[in-house]
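So you can see what is in the structure, the chains are spelled out below.
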Amino acid sequence: MNTAAIYAIFKRDFKSYFVSLKGYVFVVAFVALAVTILFGEEFFVRNSADLALLNEPREGIRLPVFLLLLVFFVPAITMSSWAQEKERGTDQLLLTLPALDWEIVLAKFLACFGVYSVALFFTLTNILVVDYLGDPDWGSLFANYLGYWLMGAAAIALGMLGSALTKSLTTAWLLGGVLVGLPAIPTLAATRIDLATDATLLTSIFKLWNELGAQERFEGFGLGMIYGADFIYYLGIAVVALYANAYLLGRRHWTVDKGPAIHGAIRLSAISLSLLCLVVLSLRAVVGLDLTEAKMLSVRPEARAVIERLLEKDEQDSSHYKLPPVLIQAWISPKAKTPDDYIPVRRGLIQLLKEIDRRAGEQVKLAIYETDLYTPEAERAERDFGIQPTRVQA
């Protein structure tokens, strides 16, 4: 590895953001918007010392607010990484350096990620305000910022890929925004599944599709849980996107023969598929680390004992379990209809149920229904289990 070349490119690109107003405007705008969103009127109404307003979808928006900030702001950092080089012709000079393609890509990524990290660092003032106004859970706040950092790394790599596809800064910003938003497609196009009535292979595929959404993979960080699957998800996206950057940079070596292009596309597809398989395996194989002070999201010893019994294999046939699988059904009011004081409880309950589902694997099937008055879900809950709506004063 040519560390001298990597450092030279990193230093040149990183300093370029702050020799003009571009970098300062980005940092100020990013921090100001984050503060405005977090400390709005709703923050004081909720009376909860956390960063949930940045992590959750707002009314009428199905994506976390922080992800929307990345969609708009990250392309502003990355749009000049390749597009401006090609527009000015300085990319030819850059490529004469004694460095491999992946080293050049890594250096540019570190420069863009450094600018993002500076902006994220200044948002730590939010924590100081939260600490002044209340008694925050420091473990949860750490997990939140770890999630922001990892999500930013994936977004930076995707934004750079958008810049590598064009010479125009405007087009690079638009393409970057589209690519940064790609991981949110499973969240925006989530499918409704009911494991109580439909336990087919197609249902399992739909469930996996929902779990690959950006919001789903960030929920653990937002609540103070760290899962290996979430680490692999964001780091994997960054690795695949950076590989795609190096793949596009290597086009200058291609001849008329289409072999290198096809070979590179096959390798990129194989790496992406390997990442998907690794995420799917880690969704079941890795247990979360609860960083919250009260450990409210951890599965209690009594529940772990029940799960261990469910996972006991049949002594005569090791391919089967001793006990049949358990179906857990939960009817929960929509977030918009939940009193503000109960929203943290609602989030914690849902995450705890998912933790039990993750630990028990195929021996537990979880079905969560967002239930409102006079809906089929409400009728079935009352008819089958005697669950009736209860009005709670906000």
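Residues numbered from 1 in each chain as written. Predicted model: local features only at pLDDT ≥ 70, side-chain atom pairs only at ≥ 80, totals over all residues. Heavy atoms only, no water.

A. Representation of unusual backbone geometry within the structure. Even without being a glycine, Tyr374 presents a positive backbone phi close to 65 degrees. Considering the arrangement of structural elements, one finds Tyr374 in the loop between strand S4 (364-370) and helix H18 (376-385). Of the residues examined, Tyr374 reaches a relative accessible area of 76% and is grouped as exposed. (Helix = DSSP H or I, 4+ residues; strand = E, 2+ residues; numbered from the N terminus. Buried < 20%, exposed > 50% of the residue type's maximum accessible area, 1.4 Å probe, protein only.)

B. Spotlight on the pairing of S4. Pairing geometry for strand S3 (residues 326-332) and S4, over seven bridges, is parallel. For Ala330, the partnering residue across the bridge sits in S4 and is Ile368. Once you follow S3 into helix H17 (residues 343-360) and on to S4, the crossover reads as right-handed. (Pairing = 2+ DSSP bridges. Right-handed = clockwise from strand over helix to strand, strands pointing away.)

C. Layout of the pattern of salt bridges. Tallying each qualifying case throughout the model produces 12 salt bridges. With its nearest N and O atoms 2.9 Å apart, the salt bridge here joins Glu216 to Lys354. You can see Glu216 sitting in helix H13 (residues 214-223) and its partner Lys354 sitting in helix H17, a full 138 residues away along the chain. Since its relative accessible area comes to 21%, Glu216 is described here as partly exposed. Note on Lys354: relative accessible area 17%, which makes it buried. Arg359 serves as the salt-bridge partner of Glu355, at 3.2 Å between the closest nitrogen and oxygen. Here Glu355 pairs with Arg359, and both are found in helix H17, just four residues apart, close to one helical turn. (Salt bridge = Lys/Arg side-chain N within 4 Å of Asp/Glu carboxyl O.)

D. Highlighting the packing of helix H5 (residues 65-88) against helix H9 (residues 138-164). Two elements in contact, H5 and H9, have axes separated by 7 Å at closest approach and are oriented at 40 degrees. With respect to H9, the axis of H5 lies oblique. As H5 runs across H9, the sense of the crossing is right-handed. Residues Phe66, Leu67, Leu70, Val74, Ile77, Thr78, Met79, Ser80, Ser81, Trp82, Ala83 and Lys86 of H5 touch H9, and the partners they reach there are Tyr148, Met151, Gly152, Ala155, Ile156, Gly159, Met160, Ser163 and Ala164. (Axes fitted to C-alpha atoms, helices over the stretch in contact; angles between N-to-C directions. Parallel < 35°, antiparallel > 145°, perpendicular 65-115°, else oblique. Left-handed = near helix turned anticlockwise from the far one by under 90°. Contact = heavy atoms within 4.5 Å.)

E. Spatial organisation of the side chain of Arg346. Take Arg346: it is sitting in helix H17. Under the relative-accessibility criterion, Arg346 is labelled buried at 11%. Beyond its immediate stretch of four places on either side in the chain, Arg346 contacts Ile332, Ser333, Pro334, Lys335, Thr338 and Glu370.

F. Main features of the packing of aromatic side chains. Here the structure, examined in full by the defined rule, presents 20 aromatic pairs. Arranged with centres 5.3 Å apart and planes meeting at 50 degrees, the rings of Trp331 and Phe385 form a pair that is tilted. Remark: Phe385 occurs in helix H18 and Trp331 occurs in strand S3; sequence separation between them is 54 residues. Judged by its relative accessible area of 17%, Trp331 falls in the buried class. For Phe385, a relative accessible area of 49% puts it in the partly exposed group. A cation sits over an aromatic face here: Lys108 above Trp82, 5.3 Å from the ring centre. Arg380 extends its terminal NZ or CZ atom over the ring of Tyr369, reaching a point 4.9 Å from the ring centre. (Phe/Tyr/Trp six-rings, centres within 6.5 Å; stacked < 30°, edge-to-face > 60°. Lys NZ or Arg CZ within 6 Å of the ring centre and 35° of its normal.)

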